[in-house]
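# Geometric and topological summary
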Amino acid sequence: MHYVTVNENQRGLLFRHGKLQGLLSPGRHLLYGGRRAELILLSQPVHSPSCGLETLLQCPEIAQAAAVAEVPDQHLALHFADGKFAGVLPQGKFAYWNILEKHEFRLVDISRPEVDESVPAYVFSEMPGSYFTRVDVASYERGRLCLNNRFERLLEPGTYYFWKRTPVKVDVSLVDTRLTQMDITGQEILTQDKVSLRINFVCNYRITDYVRSFTEIDDFREQLHVAAQLALRDYVGKHKLDEILETKEEISQYVLQRLREQEKTLFVEIGGGGVKDIILPGEIREIMNTVLAAEKRAQASVITRREEVASTRSLLNTAKLMDENQTLMRLKELEYIERICANVGSIHLNGSGDLLAQLTEILRG
């Protein structure tokens, strides 16, 4: 014989000789005659280490005080306590004490992986990630949804949730809808005169059919890259080095025209593009630098001779004017005297005679 105390947040499972007899309410109870009590918290699910859930629910007192959830196959149960999300329950049978809190359950069919709109989105922030997959599609993206490797539909910008515990395989691939740049790095290409070049090309494109570019083409980016390379090879192989260097713009127009001819088959729209660099072999580059330096030296020599002739002609014209006009000759002489005097420290002159004539005489030595 002994006493047991049951608190307000507890209940007692009464057993006699190992058999469930009933439920003990809060208070002090006297146990005798092979009776014992298991104290359980009301905040925990209905359970007992001495018997299973089905046995517990056969007790009328326990069945009346418990909220029971039976989750069949390919379903989950959203568990709410007093209207607040408390967790998710997998397949099976569960029971919670409906005394301190009111427990409710909402069954969700997961035979289809797409989460139904009736499921509030906020529950996923508190749900373990092992139950669902989240997919975010940005405003500049579209999502291609495939179920069991078959295209299902196109996802518009937004947030989507998919159940994981389902037999259907879910795959979402994101595609960028913005104008995208592609760089075609140069490979060794022979010109018509057998000079090896490397040309770097850049172009912009935008996908026009997000579904067919995925279902009908194996890596459209690689095919677009190869198409640009082939167009470059075709053009360079038909022209000589000098022609290529003089007509870079024609190369760009030719390659873009070839790419635009394949827009429908690659499901893209070609924006613009052009040649970034033309890289010459080392020996060819040295030769061209030598030629360029020679041309610049020749141009400099021509300009120097032209300036010398102009200067001589100017001196001749000045001499003729001075010979014809003594006043001009005198003014020119005074101008040069002024320039010389500006660089002389001091000059001594006497007060008699023509001072300007003395100064001229001194400067002449």
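Here is what the cut-offs are and how they apply
Residues numbered from 1 in each chain as written. Predicted model: local features only at pLDDT ≥ 70, side-chain atom pairs only at ≥ 80, totals over all residues. Heavy atoms only, no water. Helix = DSSP H or I, 4+ residues; strand = E, 2+ residues; numbered from the N terminus. Expected span 1.5 Å × (residues − 1). Buried < 20%, exposed > 50% of the residue type's maximum accessible area, 1.4 Å probe, protein only. Arc of directions from axis to C-beta. Contact = heavy atoms within 4.5 Å. 1 Å grid on protein atoms, 1.4 Å probe; cavity = no way out; pocket = protein on both sides within 12 Å on 5 of 7 lines; lining within 4 Å. Points joined across faces, edges and corners; volume = space filled by probe spheres on them. Nonpolar A, V, L, I, M, F, W, Y, C, P; charged D, E, K, R; others polar. Pairing = 2+ DSSP bridges. Axes fitted to C-alpha atoms, helices over the stretch in contact; angles between N-to-C directions. Parallel < 35°, antiparallel > 145°, perpendicular 65-115°, else oblique. Left-handed = near helix turned anticlockwise from the far one by under 90°. Patch = residues over 30% accessible without salt bridge, like charges linked within 9 Å, V, L, I, M, F, W, Y side chains within 5 Å. Areas by Shrake-Rupley, 256 points an atom, 1.4 Å probe, with all protein chains shown as cover. Salt bridge = Lys/Arg side-chain N within 4 Å of Asp/Glu carboxyl O. Lys, Arg positive; Asp, Glu negative; His and termini not counted. Charge placed at Lys NZ, Arg CZ, Asp CG, Glu CD. Phe/Tyr/Trp six-rings, centres within 6.5 Å; stacked < 30°, edge-to-face > 60°. Lys NZ or Arg CZ within 6 Å of the ring centre and 35° of its normal.

With 13 residues, helix α6 (residues 248–260) extends 19 Å from end C-alpha to end C-alpha; this agrees with the ideal 18 Å at 1.5 Å per step. For α6, the full list of buried residues reads I251, S252, V255, L256 and L259. The buried residues of α6 occupy an angular sector of 125° when projected down its axis, which confines them to one face. Considering only its buried residues, α6 is in contact with β18 (196–207), α4 (220–237), α5 (241–246), α7 (263–266) and β19 (268–279).

Our focus in this paragraph is the layout of surface pockets. By volume, the largest pocket is sized at about 220 Å³. Grouping the constituent residues of the lining of the largest pocket by class yields seven nonpolar, one polar and four charged.

Strands sit in the order β3-β2-β5 across an open sheet of three strands; the sheet is antiparallel. If you trace the sheet from one side to the other, it starts and ends with β3 (19–24) and β5 (35–41), each paired once. Neighbour to neighbour, the strand axes of the sheet diverge by 30° on average, direction disregarded. Here strand β2 (residues 10–16) runs beside β3; their pairing, made up of five bridges, is antiparallel. Within β3, the position partnered with L13 by the bridge is L23.

Before going further, it helps to spend a moment on the packing of α4 against α6. Interhelical geometry of α4 versus α6 gives an angle of 135° and a closest axis separation of 9 Å. Taken together, α4 and α6 sit at an angle that is classed as oblique. Once α4 is placed against α6, the crossing between them reads as right-handed. Contacts from L224, A227, A228, A231, L232, D234 and Y235 in α4 reach E250, I251, Y254, V255, R258 and L259 in α6. Of the residues that constitute the contact of α4 with α6, the class distribution is 10 nonpolar, no polar and three charged.

The subject of this paragraph is a negative patch on the surface. The grouping of D193, D242, E243 and E246 at the surface amounts to a negative patch. Assignment of secondary structure puts D193 in the loop between β17 (189–190) and β18.

So, about the side chain of H29. Examined against the element boundaries, H29 turns out to sit in strand β4 (residues 27–31). Leaving out residues up to four positions away in the same chain, H29 has contacts with H2, Y3, V4, V6 and L24.

Looking now at a nonpolar patch on the surface. On the surface, a nonpolar cluster with roughly 490 Å² of combined accessible area is contributed by M1, Y3, L30 and Y32. Within the secondary structure, M1 sits in the segment before β1 (2–6).

Next up on the list: the packing of aromatic side chains. Working definition: an aromatic ring pair is given by the centre-to-centre distance plus the angle between the planes. One pass over the full model with this rule turns up eight aromatic pairs. Each ring, one from F80 and one from F85, has its centre 5.8 Å from the other, and the planes form 70°; the classification is edge-to-face. By relative accessible area, F85 is classed as buried at 10%. Cluster of aromatic residues (ring-pair linked, three or more members): F124, F132, Y161 and W163. We note R28 situated over the ring of Y3; from NZ or CZ to the ring centre the distance is 4.3 Å. In this arrangement the basic side chain of R165 is found over the ring face of Y131, its NZ or CZ atom lying 4.0 Å from the centre.

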